[in-house]
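Each chain is listed here by its residues.
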Amino acid sequence: MPDNPLAPAWLQLPVDANAFAPQVWPATLSRDADGVAVIGGVRVDKLVADYGTPLYVLDEEYVRSRAERVRRSFTEAFERVGTAAEVYYAGKAFLSTDIARWMTEAGLRIDVASGGELAVALAAGVDASRLGFHGNNKSDDELDRAVAAGVGTIVIDSEQEIARVASAASTHGRRQRVRLRVRTGVHAHTHDFLATAHEDQKFGVALGDAERLVADIRSHSSLEFVGLHCHIGSQIFGADGFAESAARLVAVHARLLAGGPVPELNLGGGFGIAYTDADRPDRIEDLAHRVAQVLAAECEAAQIPLPTVAFEPGRYIVGPAGITLYTVGTTKPVALDADGTAAQRLYVSVDGGMSDNARTALYGADYSTRVLGRTSGADPVLVRVAGKHCESGDIVVNDDYLPGDVAPGDLLGVAATGAYCWALSSNYNYLARPAVVAVRDGGSRMLVRGETVDDLLARDLGARHSAVAAGTAAHDGGAPGPLGRSRRKEAL
Ligand SMILES: *Cc1c(COP(=O)(O)O)cnc(C)c1O
């Protein structure tokens, strides 16, 4: 069968459209003798029977092992050059109390970026001294709560924030450890990085202002300056961007040493993962090794001791460990004229969409999909997986191949949805957010329950009924339904 001319150049016609590319799909995912996908020892049809679709599924062992792997990679690489490394899990990728505990058990610290994320980490029982607090516009109330809780470090993002953090710290009689976030002029994404003198973005302060602002920080007795921080981007392959920003930071870090101690250097997160078979991210061990070598060489050239380093991966840890399960509702062949050749793709519409995965619409992200409920010998066809929202840009998977007999009722899986999907989910079109379930050793457990229409109506103060409970009696002026009460069935 010839390639479809509508397929992007990177997408290969699969030899077997039932097979799972190992770097894209979770480690424990396979098919049983019936051809049904099994993840964490649980058949996906069992998950759907128990929880409905759409459903976020996390492979717990895989999340934990990726967290341990990234911590070990950085610790070992920096030990070899003679310093220590700390790894913070960037909670914004996906945060729940269970995940926060898994990260703590794997020896990671946690970064939070709002009062809400801080509350989740504290509700998980994470020792506040292991938390970092980020954000370009933290409120006085958030700073107060963070200092009161005893967060380990606050990452100062502006000149104005220095006095605010100092004031919160003195109110609570604390000496607060702080970092200063700088713009290094390096911005990286996937295979490219851009290095300029100035960056047009909201985070951090100009590298050239760092000395003056650190002097200001040091003038406050309620603040303890720990070091510089930068974060150069996301979904980055390769070490070149990190190496360039490390070199720029070391030059300033060395000058700051003249005015006092600078024990740490935080190089942020952004390590890329494979969303499709065409993505080839570097092994994290290799990346850690490269960055350690570069930093050691820069510090040697500057004749300064190596600081303790910190990293903040989010996507790398949870992204590949999550999949989303959907049920196919409608399929529709759409014929197009591509370069004078008649061609068509099959639109496959599922029971979720941009409300549970905004990344495709927001960033033009690519994803991979497979039919998980069965295998098929039908020839592969080019598909586009669309959601059910009233928006033509509501696409989950722009391009992949599925067996040509994919049909309503089929169970679809989309890979690598563990990061920035649930976290960015919305209630667009009044869809209820799906549940998040963890699978492990043949069992499943709900981490976050799905929303119900009652949940959504509970916040509408003009609502007279639970739409679900009241049903067709919605206009009869009867008693209010069970607003806000949780219901067993998650998929509405
Ligand atoms: C988002 C973010 C991260 C994590 O980025 P990933 O791409 O998920 O690794 C780390 N640090 C900061 C400051 C961030 O904003």
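Residues numbered from 1 in each chain as written. Predicted model: local features only at pLDDT ≥ 70, side-chain atom pairs only at ≥ 80, totals over all residues. Heavy atoms only, no water.

Describing the overall build of the protein
To keep it simple, the criterion reads: Every helix listed is a DSSP run of H or I at least four residues long, and every strand listed is a run of E at least two residues long, numbered separately from the N terminus. Taken over C-alpha atoms, the radius of gyration is set against a globule rule of 2.2 Å times the number of residues to the power 0.38. Accessibility here uses a 1.4 Å probe with only protein chains present; expressed as a share of the type maximum, an area under 20% marks a residue as buried, one over 50% as exposed, and anything in between as partly exposed. By definition in these notes, contact holds between two residues if any of their heavy atoms fall within 4.5 Å.
The helix and strand inventory of the protein stands at 13 helices and 24 strands. A compact globule built from 492 residues would reach a C-alpha radius of gyration of about 23 Å, and the protein, at 25 Å, matches this within 12%. Its C-alpha atoms give the protein principal-axis dimensions of about 70 × 60 × 45 Å. Looking at the protein residue by residue over its 492 residues, the buried ones come to 53%. Across the protein, every contact between residues at least 6 apart in sequence was considered, and the portion connecting residues at least 24 apart equals 71%.

Here's the deal with the pairing of strand β10 (residues 186-190)
For the record, the criterion: When DSSP finds two or more bridges between two strands, those strands count as paired.
Sheet topology note: the β10/strand β11 (residues 192-195) ladder contains 4 bridges and is antiparallel. Counterpart to Val186 in the pairing with β11 is Ala195. Here β10 folds back onto β11 in antiparallel fashion, the turn holding 1 residue. As defined by bridge partners, β10 adjoins strand β14 (residues 233-236) across 3 bridges and the pair is classed as parallel. When the bridges of β14 are listed, Thr190 appears paired with Ile236.

Things to note about the site of the ligand
Cut-off, in case you're wondering: Nearness is defined per residue: one heavy atom within 4 Å of the molecule or strand is enough. Polar contact is the term for a pair of N or O atoms within 3.5 Å; when the atoms are in protein, one must be able to donate a hydrogen and the other to accept it, and sequence-neighboring residues count only if both atoms are side-chain atoms. The classification used treats Ala, Val, Leu, Ile, Met, Phe, Trp, Tyr, Cys and Pro as nonpolar, Asp, Glu, Lys and Arg as charged, and all other residues, Gly among them, as polar.
Taken together, 15 residues sit near the ligand, with Lys92, Ser234, Glu312, Arg315 and Tyr420 positioned nearest. The contact in question runs from an oxygen atom of the ligand to an N or O atom on the backbone of Gly314, over 3.0 Å. In the shell around the ligand, the residues fall into 4 nonpolar, 7 polar and 4 charged.

Looking at the state of the cysteines
What counts here: Sulfur atoms of two cysteines make up a disulfide when they are within 2.5 Å.
In total, this model carries 0 disulfides according to the counting rule given. Between Cys230, a cysteine without a disulfide, and Cys299, which holds the nearest cysteine sulfur, the sulfur-to-sulfur distance is 13 Å.

Brief notes about the environment of Ala168
Inspection of the secondary structure assignment puts Ala168 in helix α6 (residues 159-171). Given a relative accessible area of 8%, Ala168 falls into the buried group. When the C-alpha atoms of Ala168 and Thr308 are compared, they prove to be 27 Å apart, with 140 residues separating the residues in sequence. With near-sequence residues (within four places) excluded, Ala168 lies in contact with Leu143, Asp144 and Val147.

Thoughts on helix α5 (residues 140-149)
Going by this rule: Throughout, the arc means that of the directions going from the helix axis to the C-beta atoms.
Those residues of α5 lying buried are Glu142, Leu143, Ala146 and Val147. The buried side chains of α5 occupy one side of the element, clustering within an arc of 125 degrees when seen end-on. Elements in contact with the buried residues of α5: α4 (115-123), β7 (131-133), β8 (153-156), α6 and β9 (176-183). Two residues or fewer after α5 comes Gly150, characterised by a positive phi angle close to 90 degrees.

Points about the packing of helix α8 (residues 240-256) against helix α9 (residues 284-301)
Under the convention used in this document: A fitted line through C-alpha atoms represents every axis, and for helices the fit uses only the stretch in contact; the resulting angles, taken between N-to-C directions, go from 0 to 180 degrees. Under this scheme an angle from 65 to 115 degrees is roughly perpendicular, one under 35 degrees roughly parallel, and one over 145 degrees roughly antiparallel; angles in between are oblique. It is the rotation of the near helix from the far one that decides the hand of a crossing: anticlockwise by less than a right angle makes it left-handed, clockwise makes it right-handed.
Where α8 meets α9, the closest approach of the two axes is 9 Å, and the angle between their N-to-C directions is 25 degrees. As the angle between them shows, α8 and α9 are arranged roughly parallel. Relative to α9, α8 is oriented so that their crossing is right-handed. For the pair α8 and α9, the contacting residues are Asp240, Phe242, Ala243, Ala246, Ala247 and Val250 in the first and Leu287, Arg290, Val291, Val294, Leu295, Glu298 and Cys299 in the second. Among the residues forming the contact of α8 with α9, the class breakdown is 10 nonpolar, no polar and 3 charged.

Remarks on the domain arrangement of the protein
Short version of the rule: For the purposes of this description, domain bounds are those given by an automatic or database domain assignment.
Annotation of the protein at the domain level lists domain 1 (30-54 + 322-417 + 434-448), domain 2 (60-318) and domain 3 (455-492). On a C-alpha basis, the centres of domain 2 and domain 3 stand 44 Å from each other.

A look at the sheet that holds β11
The mixed open sheet is built from 3 strands, whose spatial order is β11-β10-β14. What marks the edges here is a single partner per strand, and that holds for β11 and β14. In this sheet, adjacent strand axes meet at a mean angle of 20 degrees when their direction is disregarded.

A few points about the nonpolar core
Note the threshold: The definition of a nonpolar core used throughout is a set of buried Ala, Val, Leu, Ile, Met, Phe, Trp, Tyr and Cys residues joined through side-chain atoms within 4.5 Å.
Grouped together as the largest cluster of nonpolar side chains are 129 residues, with contacts concentrated most on Leu47, Phe74, Phe78, Tyr89, Leu180, Leu228 and Ile317. Counting residues domain by domain, this core receives three or more from each of domain 1 (30-54 + 322-417 + 434-448) and domain 2 (60-318). With sequence-adjacent residues up to four places away left out, Leu47 is seen in contact with Ile39, Val42, Gly52, Leu55, Val57, Leu325, Val437, Val439 and Ser444. Counting residues in each nonpolar core, the second largest holds 7 residues, with Ala7, Ala338, Leu382 and Tyr401 among its members.

Some details on the packing of aromatic side chains
Put simply, the rule reads: Aromatic rings from Phe, Tyr and Trp, taking only the six-membered ring of Trp, are treated as a pair when their centres fall within 6.5 Å; an angle between ring planes under 30 degrees marks them as stacked, one over 60 as edge-to-face, and anything in between as tilted.
This structure, assessed with the given rule, holds 8 aromatic pairs. Relative to Trp25, the ring of Phe20 has its centre 5.3 Å away and its plane inclined at 55 degrees; by these criteria the two rings are tilted. Of the two residues, Phe20 and Trp25, neither departs from the other in class, the shared state being buried. An aromatic cluster of at least three residues, connected via ring pairs, comprises Phe74, Phe78, Phe242, Phe271 and Phe311.

Quick word on the pattern of salt bridges
Rule in force here: The working definition used for a salt bridge is a side-chain nitrogen of Lys or Arg within 4 Å of a carboxyl oxygen of Asp or Glu.
Per the stated rule, a full pass over the model turns up 33 salt bridges. With its nearest N and O atoms 2.8 Å apart, the salt bridge here joins Arg43 to Asp32. With Arg43 in strand β3 (residues 42-43) and Asp32 in the loop between β1 (30-31) and β2 (37-39), this residue pair connects regions lying 11 residues apart in the sequence. Residue Arg43 is classed as partly exposed on the basis of its relative accessible area, which comes to 27%. Between Glu161 and Lys138 there is a salt bridge, and its shortest N-O distance comes to 2.8 Å. Pair noted here: Glu161 is in helix α6 and Lys138 is in the loop between β7 and α5, with a separation of 23 residues, a long-range link. On the basis of relative accessibility, which here comes to 2%, the residue Lys138 falls in the buried class. A network of salt bridges, in which partner residues are shared, links Glu60, Glu61, Arg64, Asp98, Arg101, Glu105, Arg440, Asp441 and Arg445.

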